[in-house]
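The primary structure of each chain is shown beneath.
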Amino acid sequence: MLELTHTTKTQDESRQGEALDMVPTGDSTGRKLYIESYGCQMNFSDSEIVASILMEKGFETTRDYKEADVVFINTCSIRENAEQRVRNRLKEFESAKAKNPGMVVGVLGCMAERLKSKFLEEEKLVDVVVGPDAYRDLPNLIEQADDGGRAVNVLLSREETYADINPVRLNSNGISAFISIMRGCDNMCSFCVVPFTRGRERSRDPESIVKEAQDLYDAGYKEVTLLGQNVDSYKFKPQGEEGALNQETVNFAQLLEMVAQVNPELRVRFSTSHPKDITDEVLYTMSRHENICKYIHLPVQSGNSRVLELMNRTYDREWYKERVDAIRRIIPECGISTDVITGFCSETEEEHQDTLSMMEYVKYDFAYMFAYSERPGTLAAKRYQDDVPEEVKKRRLTEVVNLQRSHSLYRIEQFVGKVHKVLIEGFSKRSDQDYCGRNDQNTMVVFPVDERYKVGDYVNVLGESCTSATLIGRIID
Ligand code: SAH
Ligand code: SF4
Ligand code: F3S
C-alpha cells in the first residue's frame, strides 16, 4: 500500500486528513473549503491538487467542516469497509448541511468514479460527484451546485497528469512531500478496483517532476516520495519536434536518478513497486545514490503461484523470490515491505501456508495485510466465487499478522547497536521531549530532543532498544 506509516496494519488503511487553514492564491472570495481524504497516498496527493485549483479561484481552506462553504470528501473504493467509512462520514455532515443549506457537499476520488451519478440517488446530501481526472472542472461544478443544481463529472482521461498544477501542501510537516509521477493503472489484477476508478496508466513529464522536487527543496523540504500505482512502469516519451534531439524515452530508473540529483540533501523515496516490473537498473540506481532511501514496497499478495495466477499478478512464487534475491544482492541493507491478501477466491489451506512460507523467506520489515473483499465489476467478481468463508479469511489474516509481528521485531532488532542516519520529521507522538524520524529503511526511530538539532536536520542515531514498530535510540555526534 502506498502508505506513510508502517506498523503491521490489518484494518483499512483509509485515514482522515484535514486541511490546514490556508489563504487563497487567487483573489479571495472569502469562501471556505474543507477537504478530507481517505485511501492511499495518491488520494492525499490529489487533495493537494484540488486545494490548489480552488485556492486559485479565491477559496481559503478550513479545518472545521461546520464553517465550510464547500465540503469535499476524497474517497477510496479498495475494500468494502473503505466505502462504508465514507458513507458513515457523510451522515455526520448532514446536520451541518441542515444548518447551512447553501453548503456544497462533494464526493471526489475513487468511490465517485465507481458509483458515478448513482451516488446522487443514494446520498441525498451530495451535490457534486467528481472523478480523479476531472478536478480542473471543479470550479465550474461548484458553480452549478451554487445555482441549485447537482453536478457530475467522472470522465477519465488518457492524458491528464495535472503536471502544471503546483499542489498546495496540506497537513504538511514542511519536511516530506509526495510527488505524483503517474496516474492510473493498466495491470488488471483480478481483485482490484483501481484500474476502473483511476483509468489508464499515464506518466507525467519528468521535467515537471524534477521542477517540483527542486521547488520543494528550495522551500525547505528534505524528503520527497514519488508516487504511482506501479512506479516501475513509468515511461515518458517527450513530444518534441520530429527529428529533434532529446527524444529519448525516460524510464523509472532514469527519473529516479534525475530526482536524486536535485540535491544530495534531498531524500528520495518511491512507492509502489510491482514485482513483475522492478528492474536491476532501478536497484543499481538506488545503490549508486546515497540519498535514494534503501527501502522497497514490493506487494506479494500471495505466496502461491496458482493463486497469483488467479489474481492476474503475472509473476509466480519463483519470480518473486528471485526479485527479492536481486534486492538483497544489489542492496544488502534494503528494507522490504509488502501487501498480503488472505482468503482470495478458492485459496486452500496449503496455498495459504505458501504465503506464510514466503513471509518466512523474505522476513519483511513490515506489511499491510487484508482479508479479501470482493469489489463489484472486477475480474475476480465476474469470474470467480468469493468462496472462502469470512471466518477462514479472518483466521488466516490473524496468522499472517502474528507472523509479521515477529518478523518486524526480528528486523528492527538488527538495527539495535547500529548507527542510523535519521531525518528529524517532528516530535514523537507520545512526548515533546522526543524527536521522531525514519531511517533509510523506513523504520520509525524515536530519540530524545537535542537542542542543537531541529526538525528537518539529519542526525546520526544509535539504536539502543526497540518495539516491533519503533527503534529507540539517541543522537551521537
Ligand atoms: N498498486 C499497488 C496496490 C494498490 S491497492 C500494487 O499493485 O501493489 C493496495 C493494496 O490493497 C493491494 O496491494 C492489495 O493488497 C490490497 N487490495 C486491493 N484490492 C483488494 C481487495 N479487493 N481486497 C482486499 N485487499 C485488496
Ligand atoms: Fe490494483 Fe494491481 Fe494496479 Fe496495484 S497493480 S493498482 S493491485 S491493478
Ligand atoms: Fe487509492 Fe483507494 Fe483509489 S487505494 S487509488 S484511493 S481505490
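Residues numbered from 1 in each chain as written. Chains lettered and ligands numbered in written order. Predicted model: local features only at pLDDT ≥ 70, side-chain atom pairs only at ≥ 80, totals over all residues. Heavy atoms only, no water.

Details of the sheet that holds strand β20 (residues 458-466)
At step 1: Taking strand neighbours around the barrel as the criterion, the five strands line up as β17-β18-β19-β21-β20 in a closed arrangement whose pairing is mixed. On average, each strand axis in the sheet is inclined to that of its neighbour by 55 degrees, with strand direction left out of account.
At step 2: By the bridge criterion, five bridges tie strand β17 (residues 419-427) to β20 in an arrangement that is antiparallel. Bridged to L423 within β20 is Y458.
At step 3: Of the strands in this sheet, β17, β20 and β21 (470-476) touch helix α14 (residues 390-415), which is tilted by about 120 degrees from β20. (Pairing = 2+ DSSP bridges. Helix = DSSP H or I, 4+ residues; strand = E, 2+ residues; numbered from the N terminus. Axes fitted to C-alpha atoms, helices over the stretch in contact; angles between N-to-C directions. Contact = heavy atoms within 4.5 Å.)

What about the pairing of strand β4 (residues 104-109)?
Regular strands place their side chains on alternate faces of the sheet.
At step 1: Counting buried residues along β4, six of its six residues qualify, which places the element largely inside the surrounding structure.
At step 2: Of the strand pairs in this sheet, strand β3 (residues 70-75) and β4 are connected by six bridges, and their pairing is parallel. Considered in β4, the bridge of V70 is made with V104.
At step 3: In this region the chain leaves β3, passes through helix α2 (residues 80-99) and returns to the parallel neighbour β4; the handedness of that crossover is right-handed.
At step 4: Note that β4 and strand β5 (residues 128-130) share three bridges and pair parallel. Residue G106 lies in a different strand from β5, and its bridge partner there is V128. (Buried < 20%, exposed > 50% of the residue type's maximum accessible area, 1.4 Å probe, protein only. Right-handed = clockwise from strand over helix to strand, strands pointing away.)

Quick notes on the site of ligand 1
At step 1: Surveying the vicinity of ligand 1 reveals 16 residues, the closest of which are Q229, P299, Q301, D339 and S373.
At step 2: Interatomic distance of 3.1 Å between a side-chain N/O atom of R79 and a nitrogen atom of ligand 1.
At step 3: Note that a nitrogen atom of ligand 1 is positioned 3.1 Å from one of the backbone N or O atoms of F191.
At step 4: Taken together, the elements giving at least two residues each to the shell around ligand 1 come down to β15 (335-342) and β16 (366-371).
At step 5: Considered class by class, the residues forming the shell around ligand 1 number eight nonpolar, four polar and four charged. (Near = heavy atom within 4 Å. Polar contact = N/O pair within 3.5 Å; in protein donor to acceptor, adjacent residues only side chain to side chain. Nonpolar A, V, L, I, M, F, W, Y, C, P; charged D, E, K, R; others polar.)

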